[in-house]
Structures are given as C-alpha cells and as structure tokens.
2 protein chains.
Amino acid sequence: MNGADRLCETLLANGIGVCFANPGTSEMHFVAALDRNPEMRCILGLFEGVVTGAADGYGRMKDQPAATLLHTGPGLANGLANLHNARRAHSPIVNIVGDHASYHLPYDAPLTSDIDALAAPMSNWVHRVSGPDDVGAAAEAACRAARAMPGIATLILPGNAAWGEAKPAEVSRAVRPAPVPVTESTIRDVAAALRAAGSHAGLILAGTAARAAPLDAAARIAAATGARMLGEMFVARAERGRGRPPLERIVYPVDQAVEQLRDFDLLVLVGATPPVAFFAYPGKPSALARDGARLMTLSLPGEDAGAALEALAADIGAPHRLPRRPEAPPPPDGHIDGALTDEALAVLIAQGLPENAVVVDECITSVRSFYGMTAGAPPHDFVMACTGGAIGAGPPVATGAAVACPDRKVLNLQADGSAMYTLQALWTQAREKLDVVTVIFANRVYAVLQTEMRAVGVNRFGRNAERMLSLGDPALDWVALAAGMGVEGKRVDDAKGFRSALDHALSRPGPFLIEAVMS
Amino acid sequence: MNGADRLCETLLANGIGVCFANPGTSEMHFVAALDRNPEMRCILGLFEGVVTGAADGYGRMKDQPAATLLHTGPGLANGLANLHNARRAHSPIVNIVGDHASYHLPYDAPLTSDIDALAAPMSNWVHRVSGPDDVGAAAEAACRAARAMPGIATLILPGNAAWGEAKPAEVSRAVRPAPVPVTESTIRDVAAALRAAGSHAGLILAGTAARAAPLDAAARIAAATGARMLGEMFVARAERGRGRPPLERIVYPVDQAVEQLRDFDLLVLVGATPPVAFFAYPGKPSALARDGARLMTLSLPGEDAGAALEALAADIGAPHRLPRRPEAPPPPDGHIDGALTDEALAVLIAQGLPENAVVVDECITSVRSFYGMTAGAPPHDFVMACTGGAIGAGPPVATGAAVACPDRKVLNLQADGSAMYTLQALWTQAREKLDVVTVIFANRVYAVLQTEMRAVGVNRFGRNAERMLSLGDPALDWVALAAGMGVEGKRVDDAKGFRSALDHALSRPGPFLIEAVMS
C-alpha cells in the first residue's frame, strides 16, 4: 500500500467521504488511490476557488469536514480567498495540497513555490508530510484538527510521500473531539453580569450558537434578564424563520452600528468576536461597542455554546420553556408589480421561500431588505457566504451546501460582480445535478464601491472611476454564461417575470439561474 | 496632496501609464486619485487572476512594468497564480495591494490577513508603506525594483497611507536601471569552454536572449563553434519565424529531454536556468543534463544578454554577419480537410498566421505540432503563458499583450481546461476592444493529466478518475461563455469551418473566440 492509499483509507475511516478536487500531475498517485476507493465521492471544480468554497459550504451545513485536493502552490493560491472565508466562518476543512517530491524541490522547477508560507495565513493548522509512513498519522491529525477548531487543516503531500510504499499499520479512527465545555466560573460570571446589566446587555450569538436550540436557550435568558439577542454582520449560518427567536444583525455602516450598540453596557460574546468596523474610515472608530462597554466571552468557537447557554439559563433561573412572544410577521403578502428594486426582489423571494431552504447570500448591497422581512418566513438556514469579506464565495458555498443537503433547496442570492469571481461553480452544479437556484442581482455595477466612493467625497465619477466601478459596457449576459456551463437560466426584468421564473426554478430538480435585471 | 495622489504621480513620473485593477473599499482613495489623473489608463479585470496575468502579458511585450491594483489579502491571493507565472517569466510588475489602515489591523476585522506573508513567495521585492510620507520613495523604489530584476515588486498600501496628507516633495523620476553588464572574465571563460566543446555545446537562450538581435549573435557563435541553440521548455517570449534563427525547444517528457541533452558536454545558460524536469517521477532524474555535463552561466536575468552574446561572438571570432543557412521550411501549404486533430489545427493556424502576430500559447498538450511547423512562418512573437506551470495564464496574458501592442494581432492558442480558470479575461477584451483572437482547443478533457495517469500505470479509469480528469458531462459551450462576456464567437468542428472562422476573426477588429471542437 502506498502513501496515497493510506491517505484515502485514513480519510474514509475518519468519516470524510467527499473530496472537492482540482488535481494536477503531482497528485496523480492520490487520484489513482481515490479511483481505487469508489466510496469516496470526488467532485471536480474547474477552478480552485470553487473547490475550497464548496468545502466551506459543505462544512457549514454538515459541521463535518470534506477534503479538498489542490495542485501545488498556485492551486492553493487560487483557493486561498475562499479558505479565508471558511476560516472566518470556522468551517472544518481538510485541505490537501500536493507538492513536488521532496528531493525535487531543491531543483526549483518552474512550479516550485513556498506552499507552507502560502498556507499559513489562511490555515489554522499546517503540516507537511515527511514520507509515506507519516501519511496515516498526519491525515488523522488533520481530521482531528479540522474538527477541533473547527477550521482549516492544511496537509501538504509531496509526490514521493504519495507514491512511496507505506509500512503496514492500523488505520486509526480519530475520536471525534467533543466541543470543549465552558467552565462553571465563566457561566457564573456572565450570569451575574447579565443580571446587573438588565436591558443594557446584548448577547452576540455566532457559530453554533446561531442554531435553533441554542437560540431558544438564549431567548429564555433574554426573557429573564431583558438582554437583547444580536447577530454578527456576516453570520456563517443561522437557523431562522417562523417559530425561531430572531437575531438582530449588527449593521454594516459604521455610524449606524455605533448607534445600534450605544445603549449596551455589556456585550456577551457567544462564539462571536468583538464587533469591529469592517473597514476603517478617517475619523471613525474601529471598535463598534461604546467606550467603557464591557465585553465578556461566554464561549469561543470550538467550545460548547449550546451547553453553555443552557447552563447560563439555569443559573439565571430562566423559564424552562420559551415564553410566548409576538410572532415575527410573515413576509408581506401584497402583490408586487413592476420593476425589480432591492425591495421588490426581497419581497418576492421572501414570498417564494420554500420550507427548509438553505439561503446562501452574497448579494452584498441587496441583502438588508431580505433579512428584515424573513424573520417570520418558513424556517430556513441563512448563510452569509463571504464571512471573511473575500468576494466570490456565494456560488461555491451554495454548491457545497447542496452536496451536504441533497434533500433541501439551496437558494443562492448573488450579486453579479461577486458571481464573476467563481462562476465556474455553475458547471459543478450542472454536473452533480445539484438543487441550487441562483438569483443574480444584476445591477451591473460594483454598488458597494460606488457607495464607498461617495463616502470618500467623490460624487461625480471621471472616466477612470467609472471604468473601475461599473460592470456595464458590455453588460454580462448571465443566461448565456449559465448555458455555457450547462445550467438553464432565464432573464427577467419585472416582478411578474421574476415570480414565475422562481416558481419554475423551485419546482424542478437540478440547478437553475435567474438573472434579475434590476432597476 | 494625499498619499494616493503622490503614488499616482510617482507612477506616472516613472513611466507607468497603465494600471490593471480590481479595487475594493480599502483602495477607494487610490481610485479617487487615479480618477484625478486621467493620463493613467485604468483597465478593470473582473477577477484578480486577470489583473496580474494581464500585467504579465504587458510586461513581457513592453519590457516595462504596468501597475496592478488588488484588494487586501484575498484579492492578492486570487492574483498569485499568475504572479507566479510572471515571476518565472521575469516580467516587470509594480503590484499594488491595498490593506486596512494600519491602526485597524489589531482589531482583526474579517478581511484582515497577513498580506506580507502571502506576497513573499511570488514577489521579488515586498514593501509595506509606513505612511503618506513614505509613499513617494516607496513607489519609486518599487518601479526601480520591478525593472531591475526584472520581476514582481509588491507595494502594500494601507488605507491611512493613501488618505493621509503627504508633505510636499519633489516627485523623483527613477533612473531606469541599465542591464547589468556581464564581466569580461565570464565572456572569456565561456568562449574558451565553447571552443573546447565544439558541437557538444549547447546555448540555452531565454529571457531577452530569445529576441531577434541576440538570437542573431548566438547564431553567429553557433556557426563558428558548432554549438547548438536551445530554447527553454516554457519560454517567456521568443521572436521567431522566417529569417530568424530557430531555437530547438527542450522537450517536456523527461525521458525524451534526457535523450535530447545526452550529447552535450557543455550547456551555456543565457538568461536561462539549469534544465530540470517539470515534475518528479519515481525512478527518473530531476536534472536533465547528463551527469558530468558542465553548466556555465553567461548571463542571469537582468544582465545584458545581448551585449554578452555580442562580446562572446567577438571573442570567439565569429563572422560579423549571419552565415547563410538553410531557411526553415514555411508552414505546410497542403490543403487540410476533415477533423480537427492537434496536427490539423497546427497546420491551419500556421497557414493563417498573420505577419508580426503575438502568439500566446496555453494549449498545453497541443503546442508541440504548432511550434514545429512555424519556424519558417511569418515573423511572430511566441509567448508561453504558463511559464511557472500555473494554469489559466493564457487569456489574461493575451489581454495584456494586446494592451501593450495595439497595432498587432494577438492569437491566444488556449486549452479549454486552462481557459476556465480565467475566462473573465474575455470581458476585459470586449470592454477594451482588444484585437485578441482566442482559439479554444476543445478536447473536453484534462489531456495532460490523462497522460500522466497512464504514466502512473492506470489505464482503465474508474468513476473517480473519470470524473476528475474529464471536462465533459456537461460539455462547456464556449460560444455561449464568450457571448456572455460580450465576445463574438463561433464553434467549428472541421478544417474548412476553422479556416473560414480564423480568416473572419483576423479580418476584423476586436476580440473573437473560435471554439475548435477536436476529434
């Protein structure tokens, strides 16, 4: 048995049965090993950003890692932007990067690069396999590391470690690490602080704390103390909709976010990081909480947020059952007509949202309306694709989510500008016949940047700004782009057309793309 | 004047008038400055791999740097693969990467990453601007560094260095560094070695040595000593065709390359690196020269290869004029009919090649035939896009070459698999109305990998190998993909159709794509 076979066997033994891949010559022995193990499902991406983004989407929905397979430094580099998002989302991924045979590296062949250096910034864990006999233990450690953070465990596999003969060895099955419990003293301290702060306290719920059961516990705590439930600006995955406690998202514009948080004396972080401005602006603060506000951490990513919230609820003496509260209003049921504005699209999508859908959002400037009107929509998962701000996460994350959840509809709400970074994901959706409906919000500009330019004080764009911030001239034809990759699509420019296209797209299996030309 | 304006001014003063860009929020002040300087030509790429690849193509054709503009760590990451190719091609690029304001970095906002670490492996020079007063000197140093290597000078521009007020200062114009001269003793040593080795010597000519005048000098040396003229496997740019001394390329398959170099006692590197196997294979050597062969360096990249070859010719007493030699045969003039094989396409393209064309090649498995039959074709530049082996260089390099050479036809010979990595380049070609004709060699497989799989001993592919090495199911529709980005295209599947499509494409201005469905 060679190292590649050992790797494959160890991944399978550790419950990793999906490999998103874009292999190259140095990975041929691993590809051959994957071919000998048909129980591993190999899914090709035609660009590495698709591969890593799909692994991110899979990890977010499954809470378990998929493997990736990338080709040397440049292949890893192409996948780094979406690994950055995945790392910020605390997605578990076993990220396998093939390299030259170790003895070949000193010759500095053209494809040689410092893979270890490239991997470090976007990985939580990096290991270079030293030889065929290291493969088993290294792969097991990678599986364990990816789950423990959860995060990105990058395993660099030299060609000769893959093709060399590995000594016989037991295949170890990694014990799946249990979430680390939060200490009792932390629970007690947070409980005391929440009691003292009353309605001037906020719970920022992120990571696994944004799932239905922990949200219920948080809602009971909030009912008992008067604290408010807040969500991160870029949530990795939230379970929300009818019957689930709503999260008030911390907003993106700095001034508004500062205003939103002004009243809080205490912010309790549950799997969340301290709220900070996404970007710096001259004269505006970086930290969003007001000076003197107290930040306390209930749980870090990888810690058991659900159990911590339950224990906190018990310590506080919160009611055992969720108190009756006013139901969030269902989506507006009025008939929408005419042009496709942000608002109109939000209403139309909210009205058409199927039960148990996975909504993958990367529509950037258009998301606010949608989020606001779907707190009482049918239960759904809401996934903000670009958790790390790296553009082009939406289509790949939707792809991986659909692989993870074959029985659910995935709805990718997608800006046109960001879709262009990873449009190759559509091909994988077509090949794997995934139930992804992509809605392209075709405003044909980098709208967020036009806003930011105005914030810089430039209100009339000259030729250079115009050319850098507009996607027109020529307009992208998304129906043609989708067709080019085997995905059926339809262009619509009014509410009636959109409603009928969405109904059609959701009623059929497989991928579909709707280009919503906005006004 | 703020730092961003100073940067713009310094770039212009140093002869950099083109900026390939994909900006983001942290670069808005630089975008505003570019907007105030309309003499800078800003060209938008809808993905950063297009931006860096286009800068590479521009640099190869102009021997002068363009600037890039990338957005933080993930934007840089997306551009790294093509920076890797550019670095290997010794292309000059001033690579500008925006970052958060320096005081914002400790807050670890979502888009924060270690840009310095990411930049290092694919850069020859990296500098983080410390503040607005550092911008001018830093930009000048970057221009100088990019030209001197030549190579990738990465300048990291924090937001507050861009928006902060810079003290008044002279804008310095960098002295364009002259190529470093080769020492007389090196010339003498190489001359002596060449005389001794006679016909058992090879000159490997790369970088600027592969241009018409240095090739003439090399040919005179070869005529005097009996040495053979060799070219690198992945040449950055060679001037070739009718009337120019031909280069025999060192071939890709290891066994054949070893055989090709077996006879050489001496290999003189002129801007070239020692010949090594592109990949390692079990039981095959990494170095291609035979044991005991002597490798001597006449000139390194950045050294004056042309002057060194002239001096060498003089030392050797080579004839002052190029001896008459048998002309390379013109492309076959026979009528090609029927299916589009590698061979048929090569003949058809060779027959249709316009005078003074720039051929940008990334057709991977299909290039050999074309190269072989165009030594006597009309003079043209031959550019191997993926000098570093990073896939997806072709369309962007062709884009940048067309910006650099608006009066020449650019012909991008492009494999379908590699085109998918950076297909967004077509949109930039459409927007800028560039004279690029893209020929997609649509074999619908990763042919190079299928060959490599067989080399690993796998002759019957199972489901996993089949799914990872084939691009069918569904087939890509390149005419639709091009149309989606505003580029007209045509699909052809026989010689007659191809000939007429190529004639049409070359007869009109602006970009055109031919999908050549291969048999």
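Note: the structure precedes this text.
The following refers to the structure shown. (Residues numbered from 1 in each chain as written. Chains lettered and ligands numbered in written order. Predicted model: local features only at pLDDT ≥ 70, side-chain atom pairs only at ≥ 80, totals over all residues. Heavy atoms only, no water.)

**Comments concerning the packing of helix α3 (residues 48-62) of chain B against helix α14 (residues 394-404) of chain B**
All names here are of chain B.
Line of reasoning, step 1. In contact at an axis separation of 6 Å, α3 and α14 are set at 45° when each is read in the N-to-C sense. The angle between α3 and α14 falls in the class oblique. Crossing of α3 against α14: the hand is right-handed. Between α3, through Gly49, Val50, Gly53, Ala54, Asp56, Gly57, Tyr58, Arg60, Met61 and Lys62, and α14, the contact on the second element is made entirely by Pro396, Val397, Gly400, Ala401, Val403 and Ala404.
Line of reasoning, step 2. Residues belonging to the contact of α3 with α14 are distributed by class as follows: 9 nonpolar, 4 polar and 3 charged. (Axes fitted to C-alpha atoms, helices over the stretch in contact; angles between N-to-C directions. Helix = DSSP H or I, 4+ residues; strand = E, 2+ residues; numbered from the N terminus. Parallel < 35°, antiparallel > 145°, perpendicular 65-115°, else oblique. Left-handed = near helix turned anticlockwise from the far one by under 90°. Contact = heavy atoms within 4.5 Å. Nonpolar A, V, L, I, M, F, W, Y, C, P; charged D, E, K, R; others polar.)

**Topic: the interface of chain A and chain B**
Line of reasoning, step 1. Listed as interface residues are 100 residues of chain A and, on the opposing side, 100 residues of chain B.
Line of reasoning, step 2. Taken together, the connections running from chain A to chain B amount to 4 salt bridges.
Line of reasoning, step 3. One salt bridge connects A:Arg467 with B:Glu432, and the closest N-O pair in it is separated by 3.2 Å.
Line of reasoning, step 4. Inspection of the chain A/chain B interface yields 48 residue pairs in polar contact (both at pLDDT 80 or more).
Line of reasoning, step 5. Looking at the side of chain A that touches chain B, the elements that each hand over two or more residues are α2 (28-35), β2 (41-44), α4 (72-88), α5 (115-119), α16 (425-431), α17 (447-455), α18 (463-469) and α19 (478-484) of chain A.
Line of reasoning, step 6. Residue composition of the side of chain A that touches chain B, grouped by class: 58 nonpolar, 25 polar and 17 charged. (Salt bridge = Lys/Arg side-chain N within 4 Å of Asp/Glu carboxyl O. Polar contact = N/O pair within 3.5 Å; in protein donor to acceptor, adjacent residues only side chain to side chain.)

**So, the sheet that holds strand β7 (residues 201-205) of chain B**
All names here are of chain B.
Line of reasoning, step 1. The strand order β10-β8-β7-β11-β12 describes an open sheet built from 5 strands, whose pairing is parallel. Where the open sheet ends on each side, the last strands, each with one partner, are β10 (248-249) and β12 (294-299).
Line of reasoning, step 2. Summarising the sheet, β7 and strand β8 (residues 228-231) pair through 4 bridges and their orientation is parallel. Residue pairing across strands places Leu205 opposite Gly231, the latter belonging to β8.
Line of reasoning, step 3. Sheet contacts for helix α8 (residues 184-197): β7, β11 (266-270) and β12; angle to β12, the most-contacted strand, approximately 140°. (Pairing = 2+ DSSP bridges.)

**Looking at the packing of helix α1 (residues 3-13) of chain B against helix α2 (residues 28-35) of chain B**
All names here are of chain B.
Line of reasoning, step 1. The geometry of α1 relative to α2 is characterised by a closest axis approach of 8 Å and an angle of 50° between their N-to-C directions. In terms of axis orientation, α1 runs oblique to α2. Like other packed secondary-structure pairs, α1 and α2 cross with a definite hand, here right-handed. Contacts between α1 and α2 pair Ala4, Asp5, Leu7, Cys8 and Leu11 from the former with His29, Phe30, Ala33 and Leu34 from the latter.
Line of reasoning, step 2. Of the residues in the contact of α1 with α2, the class split is 7 nonpolar, 1 polar and 1 charged.

**Let's talk about the relation of the copies chain A and chain B**
Line of reasoning, step 1. Turning chain A through 180° and shifting it by 0.0 Å along the axis lays it on chain B, with an RMSD of 0.0 Å. Within this description, the copies of the chain are treated as partners about a two-fold rotation axis.
Line of reasoning, step 2. When the interface residues of chain A are mapped onto chain B, 100% of them are again interface residues, pointing to one common binding face. (Least-squares fit on C-alpha atoms with pLDDT ≥ 70 in both.)

**Structural notes on the nonpolar core**
Line of reasoning, step 1. By size, the foremost hydrophobic cluster in this structure holds 264 residues, and its most contacted members are A:Leu194, A:Phe498, B:Leu194 and B:Phe498.
Line of reasoning, step 2. Setting aside chain neighbours within four positions, we find B:Leu194 in contact with B:Ala201, B:Leu203, B:Ile221, B:Thr225, B:Ala227, B:Leu266, B:Val268, B:Leu312 and B:Ile316.
Line of reasoning, step 3. Counting 122 residues, the second largest nonpolar core, distinct from the first, contains A:Ala425, B:Ala4, B:Met40 and B:Met468. (Core = buried A, V, L, I, M, F, W, Y, C linked by side-chain atoms within 4.5 Å. Buried < 20%, exposed > 50% of the residue type's maximum accessible area, 1.4 Å probe, protein only.)

**A closer look at α2(A)**
Line of reasoning, step 1. Most of α2(A) is tucked away: 8 of the 8 residues are buried.
Line of reasoning, step 2. Those residues of α2(A) lying buried are A:Met28, A:His29, A:Phe30, A:Val31, A:Ala32, A:Ala33, A:Leu34 and A:Asp35.

**With respect to the environment of B:Ala287**
Line of reasoning, step 1. Position of B:Ala287 among the secondary structure elements: in the loop between β11 and β12.
Line of reasoning, step 2. On the accessibility criterion, B:Ala287 (32% relative accessible area) is partly exposed.
Line of reasoning, step 3. It is 9.3 Å that separates the C-alpha atoms of B:Ala287 and B:Val254, two residues lying 33 residues apart in sequence.
Line of reasoning, step 4. Contact partners of B:Ala287, with chain neighbours within four places excluded, come to A:Tyr107, B:Pro275 and B:Val276.

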